[in-house]
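# Coordinate analysis (summary)
Listed below are the residues making up each chain.
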Amino acid sequence: MKSRQSRLIVAKESPLNGEAPVSELRSRITPVPSFFVRSHFPVPQIDVSKWRLVVEGEVGAPREFSYRELREMPRVTVAATLECAGNGRSGFKVPAEGELRWGSGAVGTARWRGIALRTVLEKCRVDKTATELVIEGSDSGNVGGVVDPIRFSRGLPLQKALDKDTIIALQMNGRSLSPEHGYPARLVVPGWYGMASVKWLSRIKVVSGEPYSAFFNGVKYVYVDEQKGRRARTPVDEVRVKSIITNPLDGDVVRLGRMVMISGRAWSGSGKISSVEVDHGKGWEKTMVDRATAGRFAWVAWRKRWVPDRRGEAEIAARATDESGNMQPLEPLENRFQYGYNAAQRIRVKVV
Ligand SMILES: Nc1nc2c(c(=O)[nH]1)N[C@H]1C(S)=C(S)[C@@H](COP(=O)(O)O)O[C@H]1N2
Ligand SMILES: [Mo]
């Protein structure tokens with residue numbers, strides 16, 4: 001089912017959560033109506049004239065920024081791929097109860113424009129001993145196992161916060177953020193799964209000491225290894241190397257002897273894509289990777305010609321490798337909440 005305002009496949013009506021049909025992921029920059037939406041709580045009502053971003057905690061100069069003040073600060077543009085940690089979850093063998101069953105479309109690439117987070121932090125003079133930011137959104141609601149409503153909040157290590165590409169975005173693809181994507185201001189943390197990119201920013205608290213632990217980064221957004229039990233928990237942060245086949249589509253019909261351009265996108269949070277291979281029945285073969293990427297954290301396009309030489313069902317698989325040497329596994333890495341799905345994708349087409 002598609003929603004009226006967008007081209008998304010709805011995963012949940014209220015609050016709206018939806019993913020892009022794979023055919024909408026063919027362009028380098030994903031148009032906003034096709035860009036997935038992942039919101040835990042309803043979109044907060046914000047009067048932008050009264051809205052403030054508060055920066056406080058272990059800083060020499062705590063302060064508030066109005067929307068107008070932010071707009072007058074030096075701007076930067078970062079093209080970055082954003083992927084939900086739950087993207088691809090329906091591909092895991094064991095369904096994770098209570099979690100959204102995403103297909104492959106909870107990912108997109110946008111041109112984000114705003115202020116480098118470090119520019120804002122410099123103005124507030126962060127203490128030398130600070131280690132982390134606690135970032136809070138304006139949205140709140142109830143979650144399982146907690147009595148009172150909670151805010152969406154996350155810890156972000158100072159080191160990642162100071163990366164030149166970590167920004168407070170005011171714009172997406174050249175226009176003010178839409179309400180669903182975090183208007184008036186959101187964080188964009190390139191290279192990390194989407195949950196770090198806090199929407200509807202309201203407060204940044206600078207802290208030190210034990211890493212911040214809360215519902216959205218402590219209870220959820222941790223990899224829990226069921227074999228090793230509850231104590232085997234690691235935070236979900238860097239995006240795992242991954243690729244998607246955007247042509248042909250699963251279930252397509254292709255003609256015998258007629259060239260098919262197998263193509264798609266690949267991305268990783270831990271380095272540039274070094275190769276993408278496809279297997280259409282004759283073993284893994286290297287594809288042409290287009291290195292003219294829009295940015296350090298933006299996906300790349302890849303393609304491979306294929307001339308089907310046999311009638312019937314054909315399976316096509318793709319897997320990417322990044323420059324850190326990470327390669328997509330053939331089987332998904334199961335974990336309690338089923339985050340970080342990045343197994344090599346397999347599609348089926350019919351050759352006639
Ligand atoms: N305040 C707030 N920020 C949030 C969320 C949220 O529910 N509330 N969802 C996070 C998650 S899990 C993802 S994947 C991204 C999705 O961003 P998008 O909806 O703009 O695609 O926003 C993140 N930021
Ligand atoms: Mo997410």
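Before reading further, recall that the structure is shown in the block above.
A short tour of the structure in this document, coming up. Bear in mind that the values here come from a model prediction, so they are computed numbers and not experimental data.

It is worth spelling out the nonpolar core at this point. Ranked by internal contacts, the top residues of the largest apolar core, which has 53 residues, are Leu117 and Leu133. If one sorts the elements of this core by residue count, helix α2 (residues 117-124) sits on top with four residues. The residue makeup of this core includes at least three contributed by each of domain 1 (41-235) and domain 2 (242-351). Excluding residues that lie within four positions of it along the chain, leucine 117 makes contacts with Leu133, Leu156, Ala161, Thr166, Ile167, Ile168, Leu187 and Ile204. By size, the runner-up hydrophobic cluster in this structure holds 20 residues, among which are Ile245, Val254, Ala320 and Val349.

Burial in α2 covers these residues: Leu117, Val120, Leu121 and Cys124. Down the axis of α2, the sector holding all buried residues measures 100°, keeping them to one side. Looking one or two residues past α2, arginine 125 carries a phi angle of roughly 50°, positive in sign.

If you roll a probe as big as a water molecule over the atoms, it shows you where there is empty space left. Enumeration over the complete set of coordinates arrives at one cavity of 30 Å³ or more. For the largest cavity, the lining is made up of 20 residues, of which Arg38, Gly194, Met195, Ser197 and Lys199 are closest to its centre.

Near ligand 1 there are 20 residues, and of these Phe36, Asp139, His181, Arg186 and Lys199 occur at the shortest range. The separation between an oxygen atom of ligand 1 and a polar main-chain atom of arginine 38 is 2.9 Å. Between aspartate 139 and ligand 1, the recorded distance is 2.7 Å, taken from a side-chain N or O atom to a nitrogen atom. In the complex, 100% of the free accessible area of ligand 1, which totals 530 Å², lies under the protein chains. Because more than half of its atoms lie within 2 Å of the grid, ligand 1 is assigned to the largest cavity.

To continue, consider unusual backbone geometry. Residue proline 15 is reached from serine 14 by a cis peptide bond, and omega for that bond is -5°. Residue proline 248 follows asparagine 247 across a cis peptide bond; omega there is -5°. On the secondary structure map, proline 248 appears in the loop between β15 (242-247) and β16 (253-254). Look at tyrosine 221: it is not a glycine, yet its phi comes out positive at around 55°. Structurally, tyrosine 221 is set in the loop between β12 (201-207) and β13 (222-224). One non-glycine residue, glutamine 338, lies in the positive phi region at around 55°. Locating glutamine 338 in the fold gives a position in the loop between β22 (312-322) and β23 (345-351). Judged by its relative accessible area of 3%, glutamine 338 falls in the buried class.

How each quantity is defined
- Residues numbered from 1 in each chain as written.
- Chains lettered and ligands numbered in written order.
- Predicted model: local features only at pLDDT ≥ 70, side-chain atom pairs only at ≥ 80, totals over all residues.
- Heavy atoms only, no water.
- Core = buried A, V, L, I, M, F, W, Y, C linked by side-chain atoms within 4.5 Å.
- Buried < 20%, exposed > 50% of the residue type's maximum accessible area, 1.4 Å probe, protein only.
- Helix = DSSP H or I, 4+ residues; strand = E, 2+ residues; numbered from the N terminus.
- Domains from an automatic or database assignment.
- Contact = heavy atoms within 4.5 Å.
- Arc of directions from axis to C-beta.
- 1 Å grid on protein atoms, 1.4 Å probe; cavity = no way out; pocket = protein on both sides within 12 Å on 5 of 7 lines; lining within 4 Å.
- Points joined across faces, edges and corners; volume = space filled by probe spheres on them.
- Near = heavy atom within 4 Å.
- Polar contact = N/O pair within 3.5 Å; in protein donor to acceptor, adjacent residues only side chain to side chain.
- Areas by Shrake-Rupley, 256 points an atom, 1.4 Å probe, with all protein chains shown as cover.
- Sits in = over half its atoms within 2 Å of the grid points.

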